[in-house]
Amino acid sequence: MSRDFKGIWIPREIWVSTEMTMQEKVFLAEIHSLDNEQGCIASNAYFAEFFGLSKSSVSRVISSLVSKSCCKVHL
């Protein structure tokens, strides 16, 4: 996956949120770093490999972010 990666930026409102776990905050940072004109098109398999998690764990984190209105899933 190609991107111009220079580090991560976690906005204050995400960093200080008590509604999200640290894992969710880091996921959002990665999702935002991959965002382009079509949105983030990374697969659960990509996130599983990147974070060293199972695909089912990735699915749970993303589902939690969606339920908290932190991101949207487009099929």
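Calculation criteria
Residues numbered from 1 in each chain as written. Predicted model: local features only at pLDDT ≥ 70, side-chain atom pairs only at ≥ 80, totals over all residues. Heavy atoms only, no water. Salt bridge = Lys/Arg side-chain N within 4 Å of Asp/Glu carboxyl O. Helix = DSSP H or I, 4+ residues; strand = E, 2+ residues; numbered from the N terminus. Buried < 20%, exposed > 50% of the residue type's maximum accessible area, 1.4 Å probe, protein only. 1 Å grid on protein atoms, 1.4 Å probe; cavity = no way out; pocket = protein on both sides within 12 Å on 5 of 7 lines; lining within 4 Å. Points joined across faces, edges and corners; volume = space filled by probe spheres on them. Nonpolar A, V, L, I, M, F, W, Y, C, P; charged D, E, K, R; others polar. Patch = residues over 30% accessible without salt bridge, like charges linked within 9 Å, V, L, I, M, F, W, Y side chains within 5 Å. Areas by Shrake-Rupley, 256 points an atom, 1.4 Å probe, with all protein chains shown as cover. Contact = heavy atoms within 4.5 Å. Expected span 1.5 Å × (residues − 1). Arc of directions from axis to C-beta.

Novice: When you look at the pattern of salt bridges in this model, what are you seeing that I'm missing?
Specialist: Where charged atoms of side chains with opposite charge meet at close range, the side chains can pair. Tallied over the full model, the rule gives one salt bridge. Taking the shortest distance from any N to any O, the salt bridge between K68 and E24 comes out at 2.8 Å. Here E24 lies in helix 2 (residues 22–34) and K68 lies in the segment after helix 4 (55–67), a separation of 44 residues in the sequence. Of the residues examined, K68 reaches a relative accessible area of 33% and is grouped as partly exposed.

Novice: Mind showing me how you'd approach the layout of surface pockets here?
Specialist: Remark: the empty space left among the atoms is shown by a probe the size of a water molecule rolled over them. As a volume, the largest pocket reaches approximately 500 Å³. Looking at the largest pocket, it is lined by 21 residues, and the ones nearest its centre are I31, C40, K72, V73 and H74. For the lining of the largest pocket, the secondary-structure elements that each account for two or more residues are helix 2, helix 3 (44–51) and helix 4. In terms of residue count, helix 4 provides more of the lining of the largest pocket than any other element does, four residues in total. Considered class by class, the residues forming the lining of the largest pocket number 11 nonpolar, eight polar and two charged.

Novice: Mind showing me how you'd approach the environment of A29 here?
Specialist: With respect to the helices and strands, A29 occurs in helix 2. Residue A29 is classed as buried on the basis of its relative accessible area, which comes to 6%. For the pair formed by A29 and I10, sequence separation is 19 residues and the distance between their alpha carbons is 5.9 Å.

Novice: Help me understand a nonpolar patch on the surface, please; the structure alone is not making it clear to me.
Specialist: The grouping of W15, V16, M22 and V26 at the surface amounts to a nonpolar patch, some 370 Å² of accessible area in total. Tracing the sequence through the fold places V26 in helix 2. Residue classification places V26 among the partly exposed residues on the basis of a relative accessible area of 33%.

Novice: Would you take a moment to explain the environment of C70 for this structure?
Specialist: Within the element layout of this structure, C70 appears in the segment after helix 4. Sequence spacing of C70 and L28 is 42 residues, and the spatial spacing of their C-alpha atoms is 8.0 Å. Setting aside chain neighbours within four positions, we find C70 in contact with M20, L28 and L65.

Novice: Just checking my understanding: could you explain helix 4 for this structure?
Specialist: Along an α-helix, residues three or four positions apart point the same way, because every turn accommodates 3.6 residues. End to end, helix 4 covers 18 Å across 13 residues, agreeing with the expected 18 Å (1.5 Å per residue, within 8%). Residues V58, V61, I62, S64 and L65 constitute the buried set of helix 4. End-on, the buried residues of helix 4 take up no more than an arc of 155°, which puts them together on one face. Seen from the buried face of helix 4, the exposed residues on the opposite side, beyond 90 degrees, are K55, R60 and S67. Considering only its buried residues, helix 4 is in contact with helix 2 and helix 3. Positive backbone phi, at 60°, marks S69, one or two positions downstream of helix 4.

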